[in-house]
Amino acid sequence: MSMKNLAYLVSIAVSVCFAYTTFDGKEVPPLPPAQSNIVTARTPVALYQALRNQSAGQTIVIGNGTYDVSPWESILIDVDGLTIQGESGDPADVVFVGRGFENCDAVGEEMIKINSDRFTIANLTLSETRTQALKLQTMGNDSCLVHNVRFFNNGEWGIKAPNGPVSYGWEIRYCHFENTKVPVIDRCQDMDGGNYIGGMTLMKCDGWNIHDNVYLNIQGATNRAMGAILAWNGCASLVIQRNLIMGCDQGIDLWLTTTNVVIRNNMIVPGAMNSMYITDGTGTQVCNNTVFSVFTTNNGAIIFNNSTGVTFKNNIVYGSLVQNGTVTIDTGNNIFLTRTNRLAAAAWFGDESMGDLHLKSDTCAPVNAGISLAGVSDDWDGVQRTGPYDIGADEYAVGNGILPQGDLGAAGLVVSQASPNPFNPATRVRYSISESMQGKLFSIKVHAASGVVIKTLASGIVLSGTHDVVWDGTDNVSHPVASGIYWIVVQCGAAQKSVRAVLWK
Ligand SMILES: [Ca+2]
Ligand SMILES: [Ca+2]
């Protein structure tokens, strides 16, 4: 067999074995395969032509690579039922690059304009736009899906739904919004002095489900960015759930007449401002969230202004709750921790510095202290809550914290995400093995993204129970490896679990 064929077989094996796992350890469900009308584009020219010739119901599959879309006019989606998706499933493999986060010559840049219903965008990265990555065009665009898309260093918003007719029924899931850049003060005469930036700004959106997304480090020039999720001006019946929001100036903001927005099972470690800022909401439900606001420069972890019909239950609030103007909240059945209780909080949570607000002990106060609530059935992990509900986003389970949960008896093998991740210099994985697996052959190996094994961390006959293993970022001959994506693969008998670990130096 030629080396080329061997490499091909290895790449097939890798793509079959490794479902994409998000930054916070959630496995992304695959999209249903397209049945017909599929166009594959593997060069910028082919992609440009495919987009120009788009037809209703078509699927455009995009091969791995970096696509400089900066010379193009905005990409206009104006047929119904179009899907554009990266080929591999890893959004880092297909990267669109725009005109630049700081580019004052392109202050109107919008990378993709949506003027249709049932549009799906999946498994790719939209980066370096001056303003918006995705913008609804005329509004009244219904039932679109944004799946496993990485929004990276976009100068204003990842997604913008402006004022206009109502858009119904979108789903935004397993996406990753992250900035490593911060605007300069008064960049390009920005109306907010360099703070007009956030993850998504939504107006006139109804029935949207925004779940299992990650929002990281979205900050303004003077730490007054507009919110990881800003919903306002007529938004109704949104469900914002199971998201991780970390290091953003503001987390979830509701302004100006929102109705029946549900905020549940989110973990939020905000930056300089708040985890939630809710103004003029009617019927807002804030249930089973865990927020951990360490900054003392701002007033509160959660701020309500002029809101009516609020339900506020089963939340853990580290920081404080502030109520301004006309607002009445029954604050019973929550846990409030003032910032002087840092040690108590540290004993409860997995690792708040990594945004891991899982409960780590079955003896900590939130466990079984909550009340049953209509509409709350699962937790941040997407696992069914059992027994008396726990307070906060996480329902505690044995092997909790950084361990994903499952039926250990049936699964036999449960493996945590790597923590920290990204990491430098070392990361740790925990794993639990059932009694039924006792005595089976066992190994833990680190694979490079190419599939090649670079280090064996453990091998032999397995013992049941919960264990951990640390990888120090070196290979089998103790040489430090390069920055990049690696897979830690735990094999136990016929069972295999893989977790992604990103080394950043
Ligand atoms: Ca419980
Ligand atoms: Ca849980």
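See the structure printed just above.
First, a word on scope: everything that follows refers to the structure included in this document. Computed from a predicted structure; not experimentally measured. Position numbers for residues start from 1 in each chain and track the written sequence from start to end. Chain A is the first chain written and ligand 1 is the first ligand written, with later ones labelled in order. In keeping with the model being predicted, local features are shown solely for residues with a pLDDT of at least 70 and side-chain atom pairs are shown and tallied solely at 80 or more, while totals for entire chains, interfaces and linings include all residues. The side-chain figures draw on all heavy atoms in the structure; neither hydrogens nor water molecules are used.

## A word on the overall build of the protein chain
For step 1, the next point in the chain: Per the convention used, a helix needs a DSSP run of H or I reaching at least four residues, while a strand needs a run of E reaching at least two, with both numbered from the N terminus. Scanning the protein chain for helices and strands turns up 4 helices and 45 strands.
For step 2, the next point in the chain: To get the radius of gyration, use the C-alpha atoms; to get the globule rule, take the number of residues to the power 0.38 and multiply by 2.2 Å. At 23 Å, the protein chain has a C-alpha radius of gyration in line with the 23 Å of a compact globule built from 505 residues.
For step 3, the next point in the chain: Summarising its shape, the C-alpha atoms of the protein chain cover approximately 65 × 60 × 40 Å along the three principal directions.
For step 4, the next point in the chain: Among the 505 residues that make up the protein chain, the fraction classed as buried is 56%.
For step 5, the next point in the chain: Should any heavy atoms of two residues lie within 4.5 Å, those residues are counted as being in contact. Nonlocal contacts in the protein chain, meaning residues at least 24 apart in sequence, comprise 64% of its contacts between residues at least 6 apart. Buried residues are those whose accessible area, probed at 1.4 Å on protein chains only, stays under 20% of the maximum for their type, while exposed residues exceed 50% and partly exposed ones sit between those limits.

## Remarks on the coordination of the calcium ion (ligand 1)
For step 1, the next point in the chain: The rule for donors is simple: an N, O or S atom within 2.8 Å of the metal counts, and for Na, K and Ca the reach is 3.2 Å. Water is not among the atoms, so a site may look short of donors. Within the protein, the calcium ion (ligand 1) binds to N368 (OD1), T386 (O), P388 (O), D390 (OD) and E395 (OE); these donor distances fall in the range 2.2 to 3.2 Å.
For step 2, the next point in the chain: The partly exposed category is assigned to N368, whose relative accessible area is 43%.

## Focus: the state of the cysteines
For step 1, the next point in the chain: Pairs of cysteine sulfur atoms within 2.5 Å are what we label disulfides. Across all of its chains, the model carries 1 disulfide by this definition.
For step 2, the next point in the chain: Summary of cysteine pairing: C144 is not part of a disulfide, and the nearest cysteine sulfur, belonging to C205, is at 11 Å.
For step 3, the next point in the chain: The buried category is assigned to C144, whose relative accessible area is 2%.
For step 4, the next point in the chain: In this model C248 remains outside any disulfide bridge; the closest cysteine sulfur is found in C175, 14 Å from its own.
For step 5, the next point in the chain: The exposure class of C248 is buried, given its relative accessible area of 1%.

## Concerning the sheet that holds strand 45 (residues 495-503)
For step 1, the next point in the chain: Only strands that DSSP links by at least two bridges are regarded as paired with each other. Taken in spatial order, the 4 strands make up an open sheet running 42-41-44-45, and their pairing is antiparallel. Looking at the sheet topology across the chains shown, the edges are occupied by strand 42 (453-461) and strand 45. Neighbour-to-neighbour, the strand axes of this sheet turn through a mean angle of 15°, independent of strand direction.
For step 2, the next point in the chain: Pairing geometry for strand 41 (residues 441-448) and strand 42, over 7 bridges, is antiparallel. By the bridge assignment, H447 is partnered in strand 42 with V453. Lines fitted to C-alpha atoms define the axes here, with helix axes fitted over just the stretch in contact, and angles between the N-to-C directions of these axes take values from 0 to 180 degrees.

## What about the environment of T66?
For step 1, the next point in the chain: Within the element layout of this structure, T66 appears in strand 3 (residues 65-68).
For step 2, the next point in the chain: Remark: the alpha-carbon pair of T66 and P44, spanning 22 residues in sequence, is separated by 8.5 Å.
For step 3, the next point in the chain: Setting aside anything within four residues of it in sequence, one finds T66 in contact with V95 and V97.

## A word on the side chain of N153
For step 1, the next point in the chain: Within the element layout of this structure, N153 appears in the loop between strand 12 (150-152) and strand 13 (157-161).
For step 2, the next point in the chain: Taking relative accessible area as the criterion, N153 reaches 2% and is therefore assigned buried.
For step 3, the next point in the chain: Side-chain atoms alone can form a polar contact between residues adjacent in sequence; in general such a contact is a pair of N or O atoms within 3.5 Å, and within protein one must be able to donate a hydrogen while the other accepts it. There is a polar contact of 2.7 Å between the side chain of N153 and the backbone nitrogen of T180.

## Considerations on helix 2 (residues 44-52)
For step 1, the next point in the chain: Along helix 2, the positions that sit buried rather than exposed are L47, A50 and L51. Angular distribution of buried residues about the axis of helix 2 spans 95°; they occupy a single face of the element. Opposite its buried face, helix 2 presents the exposed residues V45 and R52, each directed more than 90 degrees away.
For step 2, the next point in the chain: Summarising the contacts, the buried residues of helix 2 are in contact with strand 1 (38-41), strand 2 (59-62), strand 3, strand 4 (75-77), strand 5 (83-86) and strand 6 (94-97). Regarding the arc, it is the one traced by the directions from the helix axis to the C-beta atoms.

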